[in-house]
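Spelled out, the chains give:
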Amino acid sequence: MDAEKLEKFLQKNGQPSFRLKQINQAIFQKGLATFSEVSTLSKDLRQKLENEIPMLSFEVEKILQSSDGDSIKALLKMSDGALVETVLISPKTDLWSACISCQVGCPMSCEFCATGSLGFRRNLTFEEITDQVLFWRQYVRENFSAKNPQLKFNIVYMGMGEPFANWENVQKSLKILLDENLFDFASRSISVSTVGISDGILDLAQKFPQVNLAWSLHFADDEKRSKYMPANRSENLEKMRETWRKYFSLTRRKVFVEYVMLKGVNDSIEDAQKLAAYLKSIGNSQLLHVNLINYNETFKNFSPSSKKQVQIFKQFLEKNGIKATVRKSLGSDIQGACGQLAAGK
Ligand code: SAH
């Protein structure tokens, strides 16, 4: 929903300013799905709002739930027909994370990622980005929070697209999510994941120093990283080392280093050695936390590393002073896990 449009509409209709606050709270913070549910408004105003202000900028085409119930994926149809996926996952009890998309497709072309192979169609507008959060807030309210008011809700920019390749809209969306009159999220409940785009990382550190950052590293070897992640050809490991040093001089936030475990490709002890050495060479390695991600099957020719190999890799990192966690993979049975979003393809 376009908050500015709402404000203008209320002004035009001679409504006092507290009305705006009331409506914003009901929609953005409580997650009421329609204006008719905002009981403090007159019937006439509710009706006018229903007719004039669209709640979501897209249509929800399909909703799929994983068999364990911990992950829900929605296929969204934008007004120009573009299809985008957005996911809601529950990584632990009482916590739901909305995993939102910022582009239709992705220009980064990582070899192991299904979104990358769709190519890039267009950027999402800030409204199309924040409406995904609005949609999931409504969904959580309707389906879970009535039973459990303790629920926490956070946001990860880990759906389709590269946030720093659409930074204009992504930063506007962050402002709306953090605005205390609109969504009112805490910075720390939001995470942005990037392939590694220096200008964006440093701008985020300056403008939103408390927002969490995740870096999709996956290879600590330039030759391999450039082969599987073309973005490395313009921003290689040396450049990124400098970027992280600058980042840590701006903010002392922990950075999550994402590492997808690909059998026989990047999961050997030698790879672990390179990873530990590279992270240490950045300095502040106590602020770098490695997330080992299971490879989620796509139509690409990779296989996940064995559980045993993941443990060996993890133990090697820990012995070398690098903190590491094996991340639970959620939603793979609905093709809703990391790297699987391909909008129904
Ligand atoms: N473009 C951003 C946001 C995408 S987040 C980024 O690169 O960070 C999606 C995460 O899933 C990234 O860490 C991505 O590298 C990872 N990923 C991609 N394909 C995957 C796959 N098949 N299995 C597991 N993780 C994958």
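In the neighbourhood of the ligand, 19 residues make up the surrounding shell, with Phe112, Ser193, Ser216, His218 and Asn296 lying closest. Between the ligand and Ser216 there is a distance of 2.6 Å, counted from an oxygen atom to a side-chain nitrogen or oxygen. Relative to its unbound accessible surface of 540 Å², the ligand loses 95% to contact with the protein. Those elements giving two or more residues to the shell around the ligand turn out to be strand S8 (190-194) and strand S10 (255-261). Looking at the shell around the ligand, its residues break down into 7 nonpolar, 10 polar and 2 charged.

Okay, unusual backbone geometry next. Residues apart from glycine generally show negative phi values, whereas peptide bonds are mostly found in trans. Backbone geometry at Asp184 places phi at a positive 60 degrees, although glycine is not the residue there. Positionally, Asp184 belongs in the loop between helix H5 (167-178) and S8. Backbone geometry places Asn284, a non-glycine residue, at a positive phi of 55 degrees. Within the fold, Asn284 resides in the loop between helix H9 (269-282) and strand S11 (288-294). Looking at Asn284, the relative accessible area reads 26%, which means it is partly exposed.

With the rule as written, the count across this model stands at 11 salt bridges. Lys207 is the salt-bridge partner of Asp203, the closest N and O atoms lying 2.7 Å from each other. Of this pair, Asp203 and Lys207 both sit in helix H6 (residues 198-207), 4 residues apart, which is roughly one turn of that helix. Through salt bridges with shared partners, one network takes in Asp80, Arg122 and Glu128.

It is worth spelling out the domain arrangement of the chain at this point. The domain architecture assigned to the chain consists of domain 1 (3-52) and domain 2 (58-334). Using only C-alpha atoms to locate each centre, domain 1 and domain 2 end up separated by 34 Å. Taken together, the contact between domain 1 and domain 2 spans 10 residues of the former and 10 residues of the latter. Surface buried jointly by domain 1 and domain 2 totals about 920 Å² across both partners, of which 56% is contributed by carbon and sulfur atoms. Scanning the region where domain 1 abuts domain 2 turns up 0 salt bridges. The tally of links from domain 1 across to domain 2 stands at 4 residue pairs in polar contact (both at pLDDT 80 or more). Taken together, the residues of the side of domain 1 that touches domain 2 break down into 5 nonpolar, 3 polar and 2 charged.

Turning our eyes to something else, we now look at the pairing of strand S3 (residues 83-92). Summarising burial for S3: 7 of the 10 residues are buried, a large majority. Bridging between strand S2 (residues 71-78) and S3 involves 7 bridges; their strand directions are antiparallel. Bridged to Leu75 within S3 is Glu85. Between the antiparallel neighbours S2 and S3 lie 4 residues, among them Gly81 with a positive phi of about 90 degrees. Pairing of S3 with strand S4 (residues 95-99), which is carried by 4 bridges, proceeds in the antiparallel orientation. From the neighbouring strand, Leu88 faces S4, where its bridge partner is Ala98. If you look at the hairpin formed by S3 and S4, you'll find 2 residues sitting between the two strands, and Asp94 has a positive phi there, around 70 degrees.

Definitions and cut-offs
- The residue numbering used here restarts from 1 in each chain and proceeds along that chain's sequence as written.
- A pLDDT threshold of at least 70 governs which residues receive local features in this predicted model, and a stricter bar of 80 or more applies before side-chain atom pairs are shown or counted, although totals over entire chains, interfaces and linings include all residues.
- Only hydrogens and water are removed before side-chain values are computed, so all heavy atoms of the structure are retained for them.
- Summary of the distance rule: residues count as near a molecule or strand when at least one heavy atom falls within 4 Å of that molecule or strand.
- Polar contacts here mean pairs of N or O atoms no more than 3.5 Å apart (in protein, one a potential hydrogen donor and the other a potential acceptor; neighbouring residues in sequence count only if both atoms are side-chain atoms).
- Reported accessibility uses the Shrake-Rupley method at a 1.4 Å probe radius. Residues are deemed covered only where the shown protein chains occlude them.
- Only DSSP runs of H or I with at least four residues qualify as helices, and only runs of E with at least two residues qualify as strands; both kinds are numbered from the N terminus onward.
- Classification used: nonpolar for Ala, Val, Leu, Ile, Met, Phe, Trp, Tyr, Cys and Pro, charged for Asp, Glu, Lys and Arg, polar for all others including Gly.
- Each residue gets one of three labels from its accessible area relative to the maximum for its type: buried under 20%, exposed over 50%, partly exposed in between, using a 1.4 Å probe on protein chains only.
- Each salt bridge in this description consists of a side-chain nitrogen of Lys or Arg and a carboxyl oxygen of Asp or Glu lying within 4 Å of one another.
- Start and end positions for the domains come from either an automated domain assignment or a database one.
- Whether two residues are in contact is decided by their heavy atoms: any pair within 4.5 Å suffices.
- As used here, buried area is the combined drop in accessible area, with a 1.4 Å probe, of two parts when they are placed together.
- One bridge is not enough; two strands pair if DSSP finds at least two bridges between them.

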